[in-house]
2 protein chains.
Amino acid sequence: MNQTTESRETVQVSVDVVLLTLIEQQLHAVLLKRAAAPFAGVWALPGGYIHADEDADAKASAARVLRTKVGIEGAYLEQLATFSGPARDPRGWSVAIAYCALLPVQNLPPDRADISVVPVSALPQLPFDHRDIVDAALARVRSKSLYSSLPVHLCGETFTLPQLQQVYENILGEPLNKVSFRRKMDEMDWLEAVAGAMQSGAAHRPAQLYCVKPAFRQELALSPRGL
Amino acid sequence: MNQTTESRETVQVSVDVVLLTLIEQQLHAVLLKRAAAPFAGVWALPGGYIHADEDADAKASAARVLRTKVGIEGAYLEQLATFSGPARDPRGWSVAIAYCALLPVQNLPPDRADISVVPVSALPQLPFDHRDIVDAALARVRSKSLYSSLPVHLCGETFTLPQLQQVYENILGEPLNKVSFRRKMDEMDWLEAVAGAMQSGAAHRPAQLYCVKPAFRQELALSPRGL
DNA sequence: TAAATAGTGTCTGTTAGACAGTATACG
DNA sequence: CGTATACTGTCTAACAGACACTATTTA
């Protein structure tokens, strides 16, 4: 809070969201074609100014951006970091509160001309410092996947342990030990088995379906020693 | 970034700093007596508006606040989180980019009437949402101390391993195993021994002095598996 | 030489990964 | 019954903590 009453050059405050999903074993980010200047017509992160008259806080602004501009609801949302400076936006000194959002691929909105879902390994050039923001999101998601239940937010309502392990492996970019993974999931007690097993007609033993325990639905669960 | 050009109610952006130091085995926070309304005369976190005409980014604003309002320089600075909403400041919808700063006690400024250094376990009532910000800083410092070299920023230029272990223990609030701690410090290779040993006239074997390796002076070093 | 803390060697229990086995579906 | 994947039992290697021992200073 300020200790003086002097007024200074205005600072623009916006919210930017890195919306990630997992498609065909690869993390993808959702980009929006910018409607207005600057960078009109360019693919960029979904974002927008804070609406002081309707947003309860910046997280609510991010949720509103996802709802009104991307058309999704219920994504896992977590504040990432705040980016600032005179050069990141050509309009002048600006502040962007960046959020990271995770969504199962099946909850993505239907195809739209102004929405692009691209692998994070093949992003186009992004305006502002959006590339830095995406990089920060990827670093955060990868590091948190080492010791938390964060990746469950990329799975649907129910999933099998082999599926969940694959999600972890896709995010981390390295194979995990099956026995250790299942032992951890068991110890952490984040999941509960659903009555019916998944058969899916595959020519092998069906896998048990699990869902996240209600207590961890919105919150993250942490593991003391990783994995 | 915004996708529209509409303009809305203004949002105030400030920077708040949780400056922590270790005094007599206890974490202390530095509070400043507010000079201006709101909450004039009340102890609060050092903070201030961003000066768009001189600050390179919000971190520079935080460093400037520490320099001009608290009188310190060279503290370890790390962005914490951004707090926002219509209710946190009586002047209206506001955004506070919070930073956490660590400083060895010997680098604190000389006593001043408008500066108070209080144990974090005995903080007074704080205005705005400064209590939430302090709590976030403590949670961050404690969790990062589990797997990084962050506590070295609370030590002076040189220190002994028993001293450093005590800093970790004071932050974490629990005793650490001496053998394991020294084994980790050795494996991580963050420190280097200084030529002379510290005797300090104590009636026992003197301890080797260490300093942080130059590569980790400003950056943090992480440990893959904790401690 | 007694007291006090620094620093080290080694044992043991815990945890993580490798491997191989059993279970259960489909064709 | 062959194949493919789910799941489990068990061995082994790596790691962390406990304990005890040696080292070096002052009084």
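Residues numbered from 1 in each chain as written. Chains lettered and ligands numbered in written order. Predicted model: local features only at pLDDT ≥ 70, side-chain atom pairs only at ≥ 80, totals over all residues. Heavy atoms only, no water.

What follows is about the overall build of chain A. In terms of regular secondary structure, chain A is built from 4 helices and 10 strands. Taken from N to C terminus, the helices and strands of chain A fall in the order β-β-β-β-α-β-β-β-α-β-α-α-β-β. With respect to the principal axes defined by its C-alpha atoms, chain A has extents near 65 × 45 × 30 Å. Residue burial in chain A is summarised as follows: out of 227 residues, 52% are buried. (Helix = DSSP H or I, 4+ residues; strand = E, 2+ residues; numbered from the N terminus. Buried < 20%, exposed > 50% of the residue type's maximum accessible area, 1.4 Å probe, protein only.)

All names here are of chain B. For the pair helix H3 (residues 161-172) and helix H4 (residues 178-188), the least separation of the axes is 11 Å and the interaxial angle reads 105°. Taken together, the axes of H3 and H4 lie roughly perpendicular to each other. Counting all contacts with H3, which are made through Leu-161, Pro-162, Leu-164, Gln-165 and Tyr-168, the residues of H4 involved are Lys-178, Phe-181, Arg-182 and Met-185. Here the contact of H3 with H4 is composed, by residue class, of 6 nonpolar, 1 polar and 2 charged. (Axes fitted to C-alpha atoms, helices over the stretch in contact; angles between N-to-C directions. Parallel < 35°, antiparallel > 145°, perpendicular 65-115°, else oblique. Contact = heavy atoms within 4.5 Å. Nonpolar A, V, L, I, M, F, W, Y, C, P; charged D, E, K, R; others polar.)

Attention now moves to the UniProt feature "domain: Nudix hydrolase" (unreviewed entry) in chain A. Cross-referencing UniProt, the feature "domain: Nudix hydrolase" (unreviewed entry) maps to residues 10-141 of chain A in the present numbering. The span residues 10-141 of chain A is 19% helical and 37% strand by assignment, and the distance between its end C-alpha atoms comes to 33 Å. (UniProt positions renumbered as here; feature names shortened; annotations may be inferred.)

Let's shift gears to the protein's contact with DNA strand D. Contacts to DNA strand D come from 23 residues, most closely from Lys-178, Arg-182 and Gln-208 of chain A together with Asn-177 and Arg-183 of chain B. Sugar and phosphate atoms form 60% of the subset of DNA strand D atoms that lie within 4 Å of the protein. Between a phosphate oxygen of DNA strand D and a main-chain N or O atom of Gln-208 of chain A, the distance comes to 2.6 Å. Between DNA strand D and His-204 of chain B there is a distance of 2.9 Å, counted from a base oxygen to a backbone nitrogen or oxygen. Residue assignment for the surface near DNA strand D shows that the elements contributing at least two residues are helix H4 (178-188) and strand S10 (207-212) of chain A together with H4 of chain B. Looking at the surface near DNA strand D, the element that brings in the most residues is H4 of chain B, giving 4 residues. Split into classes, the residues belonging to the surface near DNA strand D amount to 10 nonpolar, 6 polar and 7 charged. (Near = heavy atom within 4 Å. Polar contact = N/O pair within 3.5 Å; in protein donor to acceptor, adjacent residues only side chain to side chain.)

Looking now at the relation of the copies chain B and chain A. Superposing chain B onto chain A requires a rotation of 180° together with a translation of 0.0 Å along the rotation axis, leaving an RMSD of 0.0 Å. Within this description, the copies of the chain are treated as partners about a two-fold rotation axis. An overlap of 100% is found between the interface residues of chain B and their copies at the interface of chain A, pointing to a shared contact surface. (Least-squares fit on C-alpha atoms with pLDDT ≥ 70 in both.)

Turning to helix H1 (residues 58-70) of chain B, a few remarks are in order. All names here are of chain B. For H1, which comprises 13 residues, the first-to-last C-alpha distance of 17 Å matches the rise-based estimate of 18 Å (1.5 Å per residue) to within 8%. Three or more residues of H1 are buried, namely Ala-58, Ser-61, Ala-62, Arg-64, Val-65, Leu-66, Lys-69 and Val-70. Put simply, Asp-57 is the residue that caps the front of H1, since its side-chain oxygen is 3.2 Å from the backbone nitrogen of Lys-59. Just beyond H1, the residue with positive phi is Gly-71, at close to 85°. (Expected span 1.5 Å × (residues − 1).)

Residue and element names in this part refer to chain B. Between helix H2 (residues 130-145) and H3, the least distance of the axes is 9 Å, while the angle of their chain directions is 135°. Considering their axes alone, H2 and H3 lie oblique with respect to each other. Crossing geometry of H2 relative to H3 is assigned as left-handed. Contacts between H2 and H3 involve Val-141, Arg-142 and Ser-145 on the former and, on the latter, Tyr-168, Ile-171 and Leu-172. A class-by-class count of the residues in the contact of H2 with H3 yields 4 nonpolar, 1 polar and 1 charged. (Left-handed = near helix turned anticlockwise from the far one by under 90°.)

Our focus in this paragraph is the protein's contact with DNA strand C. Around DNA strand C, 23 residues are found, and the nearest of them are Asn-177 and Arg-183 of chain A together with Lys-178, Arg-182 and Gln-208 of chain B. In DNA strand C, the atoms that sit within 4 Å of the protein are 58% sugar and phosphate, with bases accounting for the remainder. A distance of 3.1 Å separates a phosphate oxygen of DNA strand C from a polar atom in the side chain of Ser-180 of chain A. Ala-203 of chain B places a polar main-chain atom, nitrogen or oxygen, 3.3 Å from a base nitrogen of DNA strand C. Taken together, the elements giving at least two residues each to the surface near DNA strand C come down to H4 of chain A together with H4 and strand S10 (207-212) of chain B.

Moving on to the side chain of Glu-78 of chain B. Residues and elements named next belong to chain B. Along the polypeptide, Glu-78 turns up in strand S5 (residues 76-85). A distance of 2.8 Å separates polar atoms of two side chains, one belonging to Glu-78 and the other to Arg-140. The contact partners of Glu-78, leaving out residues within four places of it in the chain, are Tyr-99, Cys-100, Arg-140, Lys-144, Leu-150 and Leu-220.

The next point concerns the sheet that holds strand S9 (residues 191-198) of chain A. All names here are of chain A. Here 3 strands make up an open sheet; going across it, the order is S8-S10-S9 and the pairing antiparallel. Edge positions in the sheet fall to strand S8 (159-160) and S9, since each of these pairs with one other strand and no more. Judged from the 2 bridges that link them, S8 and S10 form a sheet pairing that is antiparallel. Within S10, the position partnered with Phe-159 by the bridge is Tyr-210. (Pairing = 2+ DSSP bridges.)

The subject of this paragraph is the sheet that holds S10 of chain B. The 3 strands are arranged S8-S10-S9 (chain B) in an open sheet whose pairing can be described as antiparallel. Strands at the two margins of the open sheet, each flanked by one partner only, are strand S8 (159-160) and strand S9 (191-198) of chain B.

It is worth spelling out the domain arrangement of chain A at this point. All names here are of chain A. Here chain A is partitioned into domain 1 (12-127) and domain 2 (150-221). Domain 1 and domain 2 are separated by 28 Å when their C-alpha centres are compared. Listed as interface residues are 11 residues of domain 1 and, on the opposing side, 10 residues of domain 2. Among the residues domain 1 hides against domain 2, the three largest losses belong to Leu-22, Gln-25 and Tyr-76. Together they make up 51% of the total. Here domain 1 and domain 2 share 0 salt bridges between them. Secondary-structure elements contributing two or more residues to the side of domain 1 that touches domain 2 are strand S1 (12-23) and strand S5 (76-85). The element that contributes the greatest number of residues to the side of domain 1 that touches domain 2 is S1, accounting for 3 residues. (Domains from an automatic or database assignment. Buried area = accessible area lost by both parts, 1.4 Å probe. Salt bridge = Lys/Arg side-chain N within 4 Å of Asp/Glu carboxyl O.)

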